[in-house]
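Examining the three-dimensional arrangement
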Amino acid sequence: MSSAFGDFGPLTERRRAEKARQQRRRIMIAAGTVSIVIILIVMGAAAITYSGKNSEKEESGSKGSKAKPGGGSGSPADLRAVSKSIKVMCAQTDFQDACEKSIGKAANASASSPKDIIRTAVGVIGDAVSQAFDRADLIMSTDPRVKAAVADCKELFDDAMDDLNRTLKGIDGAGKDGLAKQGFQLRVWLSAVIAHQETCIDGFPEDEFKAKVKDSFINGKELTSNALALIEKASTFLSSLKLSKRRLLAGEDEDDGAAAAEPQREPPLAKDGIPEWVPDGDRRVLKGGGFKNNLTPNVVVAKDGSGKFKTINEALAAMPKTYTGRYVIYVKEGVYAEYVTITKKMANVTVYGDGARKSVVTGNKNFIDGITTFKSATFTAQGDGFMAIGMGFQNTAGAEKHQAVALLVQSDKSVFLNCWMDGFQDTLYAHSKAQFYRNCVVSGTIDFIFGDAAAVFQNCIITLRRPLPNQQNIATAQGRADGREATGFVLQKCEFNAETALTDAKLPPIRNYLGRPWREFSRTVVMESEIPAIIDKAGYLPWNGDFALKTLYYAEYGNTGPGADTAGRVAWPGYKKVISKADATKFTVENFLHAKPWIDPTGTPVKYDFFA
């Protein structure tokens, strides 16, 4: 019979120590993506910093002197501690020399915590990116394509600086556990900074100018990669510490096996069933099921004159400069031949129509006519929180005009529901940040879903069209340029099909592929989707020789149909063939986009995990 009171002898202490060690091992397992080595590195950084501070305090105390303002900033002991912390933390990055040199020059003795060092790592990106864009701006050429590329770079520089500033504000506003909570969002913004740099380079023709511009961006991309690495490791580590603290405070039995991952909590709901943090303006729109009931538009656009405006651009021009809540534009049935941009200043705009084949925005800008791919879009969504419902986006340039974008999306936390994106090459430019597509139809030929966004396409139809006789179809070309980016394409419960002209037996056959790697770390996962026999057995097509074949991440899970057989798929090192359910779970909407807080309030139907 055991005593009701535990004794406090040496044996008990040893048991407690052993339990503590077991708990730490379980925490490491629960952290998932972080390795034991990385955790020890981060712990070492904190220990070195703490040790440095204590050494300085002891040194000051022994001399009987008062501490300098700011905690002894500038003392040799502080500087040594910061230098050691920087070295240990930079060991986690892919470009350690660039990390140590850049942060070492910018940091000071007061920037001693891991959070301070991470902020410094983000802060130094700005100068490097500015210098690179300045070099692009200095290019003098009479070539109209080069001039167009330079013009794109000016705009993209502003985009890059905006996203850098947002990242810095996000770090500054983060509380004690802020990096753990905001890690994904910070990485999405920094991933966009890389995308902006790559897009600037893309605009130049394949000549000496492009090579020089590409070289000028090396430093900026390396520093951005380093900041991504530091944020990723710090947020994962802090999450594991927070998880451990909660369990210990809850009195969890430490002998019950390996720790399970902490369950996700639903956002707090108000009495009307909408999260408490949703602004009143949004609450009025969303109450009662959002778009499932009749939305109340702020303005109506109608070609026949029955609305307040005849064009979408007129409605946007009349939008208040400052508006609280969601601004709703109803576009009545009609074909609207106009080029539309939802600017960065236009946040939380909803555009809804009478149906994807009824309310259509159309244009025909294209590469062959001298327009850069970035500027060829019929419709561009930049403002965060953009939502489109029952709308069509079309580029009618045709296959012979090559790159011709119907829809370009840079909007963070954007949602597209029951929409139609129609074109040939480069139909949908999912450029950057977090995006969700549900019940949409995307049609095209070459790389017709491309970009560097973190995007999930759920329950969508991917329609392959007939390209030019010497071409082949590739559905996706994901553009993750650095392995630290939080981006990738996930096609879940989608259906691949073909237009009649593609399968016409009287015409020459066309090869069709699921994707190819646009950038070195291209990432695409196709899961729970219907793949027909028209998809080539290889599944994927190289971009150029062995480029990216070792560094890309392509995978399939739970697909059906005659084209889902992976026996004849490519044997690239980066292709994972059929992954396990545990690995596929990483790419569900919940885990890949962390999207409940911004999808739920819209009322969009969504499956956060698997369909089966």
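So, a few notes on the structure that sits alongside this text.

Rules used in this analysis
Here, residues in each chain are numbered from 1, in the same order as that chain's written sequence. Thresholds applied to this predicted model are a pLDDT of at least 70 for local features of residues and 80 or more for the giving and counting of side-chain atom pairs; totals over whole chains, interfaces and linings are not thresholded and use all residues. Values reported for side chains reflect all heavy atoms of the structure, with hydrogen atoms and water molecules removed beforehand. A fitted line through C-alpha atoms represents every axis, and for helices the fit uses only the stretch in contact; the resulting angles, taken between N-to-C directions, go from 0 to 180 degrees. The helix count covers DSSP runs of H or I at least four residues long, the strand count covers runs of E at least two residues long, and both are numbered beginning at the N terminus. With respect to orientation, any angle under 35 degrees is reported as roughly parallel, any angle over 145 as roughly antiparallel, any angle of 65 to 115 as roughly perpendicular, and every other angle as oblique. Note on contacts: a residue pair is in contact if any heavy atoms of the two residues lie within 4.5 Å. When residues are grouped by polarity, Ala, Val, Leu, Ile, Met, Phe, Trp, Tyr, Cys and Pro land in nonpolar, Asp, Glu, Lys and Arg in charged, and all others, Gly among them, in polar. Residues belong to a common nonpolar core when they are buried Ala, Val, Leu, Ile, Met, Phe, Trp, Tyr or Cys residues joined through side-chain atoms within 4.5 Å. Only protein chains enter the calculation, and the probe is 1.4 Å; a residue is then buried if its accessible area is under 20% of its type maximum, exposed if over 50%, and partly exposed in between. Any two strands between which DSSP finds at least two bridges are classified as paired. Disulfides are defined as pairs of cysteine sulfur atoms found within 2.5 Å of each other.

Helix packing for two helices is described by the angle between their axes and how far apart those axes are. At their nearest, the axes of helix α7 (residues 125-137) and helix α8 (residues 144-172) sit 9 Å apart, and the two run at 170° to each other. Of the possible angle classes, the one that applies to α7 and α8 is roughly antiparallel. Contacts between α7 and α8 involve Ile125, Gly126, Val129, Ser130, Phe133, Ala136 and Asp137 from the former and Val150, Cys153, Lys154, Leu156, Phe157, Ala160, Met161 and Leu164 from the latter. Split into classes, the residues belonging to the contact of α7 with α8 amount to 11 nonpolar, two polar and two charged.

Quick look at the nonpolar core now. Core analysis: the biggest nonpolar cluster contains 60 residues, and Ile329, Phe416, Tyr437 and Phe457 have the highest contact counts within it. Once you skip the residues sitting within four places of it in the chain, Phe457 turns out to touch Leu428, Tyr437, Ile449, Phe489, Val490, Leu491, Gln492 and Cys494. Within the second largest apolar cluster, 57 residues are counted, among which are Ile125, Ile194, Ile201 and Trp518.

Looking now at the sheet that holds strand β23 (residues 523-527). Reading across from one edge, β1-β2-β5-β8-β11-β14-β17-β20-β23-β24-β25 is the order of the 11 strands in this open sheet, with parallel pairing throughout. With one partner strand each, in any of the chains shown, β1 (299-301) and β25 (575-578) form the two edges of the open sheet. Averaged over all adjacent pairs, the angle separating strand axes in this sheet is 10°, with direction ignored. The pairing of strand β8 (residues 387-389) with strand β11 (residues 414-417) spans three bridges and is parallel. Bridge pairing in β11 links Ile389 to Leu417.

Within this structure, the stated rule accounts for two disulfides. The disulfide bridge from Cys90 ends at Cys99, spanning 2.0 Å between sulfur atoms. Negative torsions about the S-S bond denote left-handed disulfides, and the value of about -70° found for Cys90 with Cys99 makes this one left-handed. For the pair Cys90 and Cys99, one class covers both residues: buried. Each sulfur of the disulfide joining Cys153 and Cys200 lies 1.9 Å from the other. Here Cys153 and Cys200 share a disulfide; its torsion about the S-S bond, 95°, makes the bridge right-handed. With Cys153 in helix α8 and Cys200 in helix α9 (residues 178-202), the pair connects residues that are 47 residues apart, well separated along the chain. Given the relative accessible area of 2%, Cys153 is considered buried. Should the bonded cysteines of the protein be numbered as they appear in the sequence, the pairing reads 1-2, 3-4.

Geometry only, nothing functional implied.
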